[in-house]
Amino acid sequence: MDDPRLYAYLPYRNRPKLVWPGNRPIAVWVAPNLEYYEIDPPAHPKRKSWPRPHPDVVGFSHRDYGNRVGHWRMADAMSEFGFPGSVSLSVALCNHHPEIVADGAARGWEFFSHGIYNTRYAYDMSVDQERAIIRDSLETVRASTGQTIRGWLAPALTHTVNTLDLIAEAGLDYTCDLYHDDQPTPIATKNGLLTAIPYSLEVNDHYGFFVYNMSPRDYADTLIRQYERLAAEGETSGTVMCIPLHAYLIGQPHRIGPFREVLRHIANDGRAWIARAGEIVDAYRAQVPA
Amino acid sequence: MTLDPGYLDYPRRRPGYDHDLYPWSNIHSRPPVRWPDDRPLAVWPCIVAEFFPITPSDVPFRAPGHMQTAFPDYRHYTARDYGNRVGIYRLLDAFEARGLRASVAMNVAVAERCPALLQAVLQGGHEIVAHSTDMNGAIDGSLPAEAEQAIIADTRARWTALGHTPAGWLSVARSQSFRTADLLLEQGFRWMADWCNDDLPYAFANGIINLPLNHELSDRQIINTTQASADSYCQQIEDAADWLAGEGGRVLPLQLTPYIIALPYRIAAFEALLDRMLARGDCWFAGGGAIIEAAQAVSSARL
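Sequence order as written defines residue numbering, which begins from 1 separately in each chain. The order in which chains are written sets their letters, starting at A; the order in which ligands are written sets their numbers, starting at 1. At least 70 in pLDDT is required for a residue's local features to be given in this predicted model, at least 80 for side-chain atom pairs to be given and counted, and no such filter applies to totals for whole chains, interfaces and linings, which use all residues. As a convention, hydrogens and water are excluded, and side-chain values are obtained from all of the structure's heavy atoms.

A.B. asks: Honestly, the overall build of chain B in this entry has me stumped. Any pointers?
C.D. replies: Counting its secondary structure elements, chain B contains ten helices and nine strands. Only the C-alpha atoms count toward the radius of gyration. The rule for a globule is 2.2 Å times the residue count to the power 0.38. For chain B, whose C-alpha radius of gyration is 20 Å, the value lies close to the compact-globule estimate of 19 Å for 303 residues. Referenced to the eigenvectors of the C-alpha coordinate spread, the extents of chain B come out at roughly 60 × 50 × 45 Å. Expressed as a percentage of the 303 residues in chain B, the buried residues total 60%. Expressed as a percentage of contacts within chain B between residues at least 6 apart in sequence, the contacts between residues at least 24 apart total 70%. Taken as a whole, chain B presents about 11400 Å² of accessible surface, with 52% of it coming from carbon and sulfur. Only four residue types enter the charge count, namely Lys and Arg as positive and Asp and Glu as negative; His and the chain termini do not. One atom stands in for each charge, and that atom is NZ of Lys, CZ of Arg, CG of Asp or CD of Glu. Positive and negative charge centroids in chain B, built from 25 and 35 side chains respectively, lie 2 Å apart. Helix and strand definitions follow DSSP, with helices as H or I runs of at least four residues and strands as E runs of at least two, each counted in order from the N terminus. Between buried and exposed lies partly exposed: a residue is buried under 20% and exposed over 50% of the maximum accessible area for its type, with that area taken using a 1.4 Å probe on protein chains only. Any two residues whose heavy atoms approach within 4.5 Å at even a single point are treated as in contact. All accessible areas in this document rest on Shrake-Rupley with a 1.4 Å probe, and a residue is counted as covered only by the protein chains that are shown.

Laid out in structure tokens, this is it:
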């Protein structure tokens, strides 16, 4: 099986024209990852949680900075320019730091599941184990926010070949785990249709700062270039730009100021439909019958 | 291949952290801290003075900046020693010319090997922070308890023999075990700088204070890891200062590595940064101990 057969090939040229509400060429969504990394997680045979023996003080405390300090900086900048969050949630954050989840809910943010913890990996999970974390996600987020999650970003981007079938079985509508396109894509599963919504590795703040070692201002410039290009191409057929964030990175004091200017730029540009992930999926499905 | 059923057990899934080291706290909901002269931003320069033995230890791990080639690595041994012979005096001069006080996190081996440097630091009115024995004195969770205890006790004893009693501690690479906070307290340390999760000092459950020395803002991270220029480093620090001063009642930690920031082609940019930060009028420069005292004095929050 050298092709997992996730979706059909569809060239970027000559696609049907997508148009976002208000006749906008580009849908922009912001995806804060609200995460909890355990300080002493159990070992997984396929992936190490921390590079250092537990406690990995720098690794753990860096993530903790996002929850103690960075979240509110990021969230206030988003609220100031009218960007709701679509939250990639380590659902155990509802138990550990409910204040953060409540803050997002009060701002009108949408929550989807990013697993239970970012230190528990799905590789090698049985179907029943994976069903259990999906059910846990639905129940925990519903109890904490009243929302029924509609989407999935695999915990720490760890998958099984069953994941997409199982989240469809549970009634979820979208996956953020596939990086093959700048427009939504229909994903046929054994249990019905999912929509793959463009998330992003390349303009994820994690890639910007940890993979490409960008300065804060270079990262801000990267986001603006990404936006300008996708907005221009969206006149042909509507595009989606996601800005995936982590408060422990973007909420650092040397980064939040330049990032705020990105949000100002996009909000003032006028071409962007600033939306939640579920709204983008709904608008896409309304135009492209399954 | 299936996972152990216990992999989905979460025994520490509960309100607060999954550890008992320190309590949860949202910085934005704490009572405001004000620094002396009602300045909104405390700037904490923390110079590191490190001795890298030419025989590096990999137990428990090799410290960042340590030897890299086969023995004898004269290249890195001497390039690191440059920091203690030359670079650090550029930094001390820069601070003293401007009447500023810093912390110097010093391996006790540096104090023993370079008494002139120790004297210069003390004469400048700077604060000594204990920084383990030398750069082979790393700690982590894999180290046996006795070995860890010995490193901390040895550091304390050797400072005592030199006639000094530093109150603060910085671990090599900020690396600790679950025992470290208790061992530091036992050896008379009142604060540490390793946990980078806040922009203010706060108390651990055992009473020791943690004053975060944010690794993201260190010259090592910005210049060595992300390969930024000195000018970009200065801009990033000023962007951080702008944001933190805007929030008010925050600490901006500057970890300064003499063999990185104090090279001839970088130091002028750093000196100009100091001048611009002084010209702002909203920065209070101080050592870590003074910052903790000020936070305790003006905050009704329990530290």
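A.B. asks: Where do I start with the nonpolar core in this structure?
C.D. replies: Generally speaking, soluble globular proteins have nonpolar side chains that are buried together. Judged by nonpolar contacts, the single largest core of 151 residues is most densely connected at L89(A), I243(A), M106(B), W195(B), Y233(B), L252(B) and F270(B). Of the residues forming this core, the biggest block, eight residues, is contributed by helix α7 (residues 230–247) of chain B. Ignoring any residue separated from it by four or fewer positions in sequence, one finds L89(A) in contact with L34(A), C94(A), V101(A), F111(A), F112(A), S113(A), H114(A), G115(A) and V141(A). Counting 27 residues, the second-largest nonpolar core is a separate cluster that includes V33(B), L170(B), L200(B) and I291(B). Residues grouped as a nonpolar core are buried Ala, Val, Leu, Ile, Met, Phe, Trp, Tyr and Cys residues, joined through side-chain atoms within 4.5 Å.

A.B. asks: How do you make sense of empty space enclosed by the protein when you look at a structure like this?
C.D. replies: Taking a probe equal in size to a water molecule and rolling it over the atoms shows the remaining empty space. Residue and element names in this part refer to chain A. For cavity detection a 1 Å grid was placed over the protein atoms alone, and a set of points counts as a cavity when a 1.4 Å probe fits there but cannot get out; an open set counts as a pocket when protein lies on both sides within 12 Å along at least five of seven lines, with lining residues being those that have an atom within 4 Å of a point. Grid points are joined across faces, edges and corners, and a volume is the space filled by probe spheres set on the points. Under the definition given, this model contains five cavities of 30 Å³ or more. When residues of the lining of the largest cavity are traced back to their parent elements, those giving at least two are β1 (26–34), α1 (57–80) and α8 (247–250). For the lining of the largest cavity, the element with the highest residue contribution is α1, accounting for three residues. Three categories are distinguished: nonpolar for Ala, Val, Leu, Ile, Met, Phe, Trp, Tyr, Cys and Pro, charged for Asp, Glu, Lys and Arg, and polar for the others, with Gly belonging to the last. Tallied by class, the residues present in the lining of the largest cavity amount to four nonpolar, four polar and two charged.

A.B. asks: For this particular structure, what's the right way to read the interface of chain A and chain B?
C.D. replies: Put simply, an interface is often sized by how much accessible area is lost when its parts join up. The interface of chain A with chain B comprises 59 residues on the first partner and 60 residues on the second. Accessible-area loss on putting two parts together, using a 1.4 Å probe and summing over both, is the definition of buried area adopted here. For the pair chain A and chain B, the two sides together bury roughly 4800 Å², of which 56% comes from carbon and sulfur. The largest per-residue losses of area from chain A upon contact with chain B belong to V57(A), R68(A) and H254(A), which jointly make up 15% of the total buried on that side. When a carboxyl oxygen of Asp or Glu is within 4 Å of a side-chain nitrogen of Lys or Arg, the pair counts as a salt bridge. At the junction of chain A and chain B, the tally comes to seven salt bridges. Across the pair D140(B) and R52(A) runs a salt bridge whose closest N-O atoms are separated by 2.4 Å. Distance and chemistry together define a polar contact, namely a pair of N or O atoms within 3.5 Å, with one atom able to donate a hydrogen and the other to accept it when in protein, and with adjacent residues in sequence counting only for side-chain atoms on both sides. Taken together, chain A and chain B are joined by 34 residue pairs in polar contact (both at pLDDT 80 or more).

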